[in-house]
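Inside the fold
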Amino acid sequence: MMATPTDNTAPTTQGQPLVSVITVCRNAAATLEACLASVAGQSYAAIEHIVIDGASTDDTGAILNRWRSRLAVLVSEPDRGLYDAMNKGIGRASGDFIIFINADDVFAGPDAIRDAMREIARQPDGDIYYGSLDVRAGATRHHYVPPPPDQAAEEMVTGCLPHQATMARRAVFDRTGLFDLRWRRHADYDWWLKALADPTIRIRQIDTVVASFALGGASSDLAKGQPEVFAIQNASRLYSGAAWDRRRIELLQKAWLGARMEAASLRDAAGSGHGSAATPPLPWRARVAAVLPAPRVRLIRKVKRRLLPRDG
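The rules we used
- Residues numbered from 1 in each chain as written.
- Predicted model: local features only at pLDDT ≥ 70, side-chain atom pairs only at ≥ 80, totals over all residues.
- Heavy atoms only, no water.
- Phe/Tyr/Trp six-rings, centres within 6.5 Å; stacked < 30°, edge-to-face > 60°.
- Helix = DSSP H or I, 4+ residues; strand = E, 2+ residues; numbered from the N terminus.
- Buried < 20%, exposed > 50% of the residue type's maximum accessible area, 1.4 Å probe, protein only.
- Disulfide = S-S within 2.5 Å.
- Lys, Arg positive; Asp, Glu negative; His and termini not counted.
- Salt bridge = Lys/Arg side-chain N within 4 Å of Asp/Glu carboxyl O.
- Contact = heavy atoms within 4.5 Å.
- Polar contact = N/O pair within 3.5 Å; in protein donor to acceptor, adjacent residues only side chain to side chain.
- Core = buried A, V, L, I, M, F, W, Y, C linked by side-chain atoms within 4.5 Å.
- 1 Å grid on protein atoms, 1.4 Å probe; cavity = no way out; pocket = protein on both sides within 12 Å on 5 of 7 lines; lining within 4 Å.
- Points joined across faces, edges and corners; volume = space filled by probe spheres on them.
- Pairing = 2+ DSSP bridges.
- Right-handed = clockwise from strand over helix to strand, strands pointing away.

**Regarding the packing of aromatic side chains**
Evaluation of the coordinates by the stated rule reveals nine aromatic pairs. Look at F100 and F179: their rings are 5.7 Å apart centre to centre, the planes differ by 70°, and that puts the pair in the edge-to-face class. Pair noted here: F100 is in strand β4 (residues 97-100) and F179 is in the loop between α6 (172-176) and α7 (187-197), with a separation of 79 residues, a long-range link. The interplanar angle of 65° and the centroid separation of 5.3 Å between the aromatic rings of W191 and W192 together place this pair among those described as edge-to-face. For W191, a relative accessible area of 2% puts it in the buried group.

**Quick look at the state of the cysteines**
Note: disulfide means a covalent bond formed between the sulfur atoms of two cysteine side chains. Summed over all chains, the structure comprises zero disulfides. C25 takes part in no disulfide bond, and the closest cysteine sulfur to it belongs to C35, at a distance of 8.2 Å. Among the residues examined, C25 registers a relative accessible area of 8% and is labelled buried.

**Things to note about the side chain of D105**
Relative to the helices and strands, D105 resides in the loop between β4 and β5 (106-107). For the buried D105, which has no salt bridge, the nearest side chain bearing the opposite charge is R136, at an N-O separation of 4.4 Å.

**Concerning the environment of N87**
Tracing the sequence through the fold places N87 in helix α3 (residues 82-92). The class for N87 is buried, based on a relative accessible area of 10%. Considered as a pair, N87 and L178 are 91 residues apart in the sequence and their alpha carbons are 6.1 Å apart. In this structure N87 touches L178, F179 and L181, once residues within four positions along its chain are discounted.

**Comments concerning the side chain of D84**
Following the sequence through the fold, D84 ends up in helix α3. Relative accessible area serves as the criterion here: at 11%, D84 is assigned to the buried category. Not counting residues up to four positions away in its chain, the partners in contact with D84 are D79 and L181.

**Considering the environment of E154**
In this fold, E154 is placed in helix α5 (residues 152-158). Residues E154 and R248, 94 residues apart in the sequence, show an inter-C-alpha distance of 7.9 Å. Residues in contact with E154, not counting those within four places in the same chain, are W244, R247 and L251. At 2.7 Å, the side chain of E154 and the side chain of R247 are in polar contact.

**Concerning the nonpolar core**
Nonpolar side chains in soluble globular proteins tend to be buried together. The biggest cluster of nonpolar side chains holds 42 residues, and the ones touching the most others in it are I128, F179 and W192. No other element matches α7, which puts eight residues into this core. What F179 contacts, discounting residues up to four positions off in sequence, is Y83, M86, N87, I90, F100, H163, F173, A187, D188 and W191. Of all hydrophobic cores here, the second largest spans 26 residues; its members include C35, A46, I99 and M117.

**Describing empty space enclosed by the protein**
With the rule as written, the count across this model stands at one cavity of 30 Å³ or more. Approximately 40 Å³ is the volume found for the largest cavity. Taken together, I98, F100, H163, T166, A168, F173 and W191 form the lining of the largest cavity. Only β4 and β8 (166-169) provide two or more residues apiece to the lining of the largest cavity.

**Some points on the pairing of strand β3 (residues 73-76)**
When a strand is regular, its side chains alternate between the sheet's two faces. Here β3 shows one buried face, formed by V73 and V75, and one open face, formed by L74 and S76. Direction of pairing for strand β2 (residues 47-53) relative to β3: parallel, over a ladder of four bridges. Looking across to β3, one finds that V51 is bridged to L74. Where the polypeptide runs from β2 across helix α2 (residues 60-66) and back to β3, its parallel neighbour, the crossover connection is right-handed.

Printed below as a string of structure tokens:
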């Protein structure tokens, strides 16, 4: 059944901090309505929903027109990509806090923003707050709880903090700058490294599930996106110095070993019950190549060659 927008009666905020929810989209008719309904259904009153549409050519425009009364800002025009649209949203935001919920994401429940703001009120000295995510991959769901802030820099070597579960004070962007448009797929990763490298930006974790995130977007394309992540990481001042070079090697080696072991296990499980019992097992390199995508294997080898010191 099609969701129906409610009327745009101005809510009573009762002094609550205003939260700017920014949604960027292009040709997102398949998922956009659920996202809009998720924002409109929040029990927290002080929300402005800003939608930046990249001049969609499908039914996205018609959906946005149906929900227009619930949107504080609606822009539909060509842009230079995802992060250009996100920057437009920041420029139009008037909230105390900013959070990005993309067209294929939804809040974890109707009280997600209310619960997050209650957690923020318990530790009001922070600038950036992140919670946890429900991650959707088809019919599979996984609850992701990120590590605490004192482990965030290490987490970012082989992973990322949950952008869809992050609420940042609007003033933080005056410190970090907007998203860097040089990065087509992972400018949010670059933003996180800038925030973590700035000692004046106070980062806090909140104990609540904020959003439900769908895998499969532009940033989920490993072969195209991971080289950009490595380039951002290698240039970041967060990881400058010999100590971080050594620690990054250790973390990448650990990730590499985990991938090898998982690949071998999956390959052995897939091959059980097939072929002759006398058939010798494949060498580990062949088992890895049979399961892991070739671009991932090449990328990990390339990074190891780049980071490991050479003799002489």
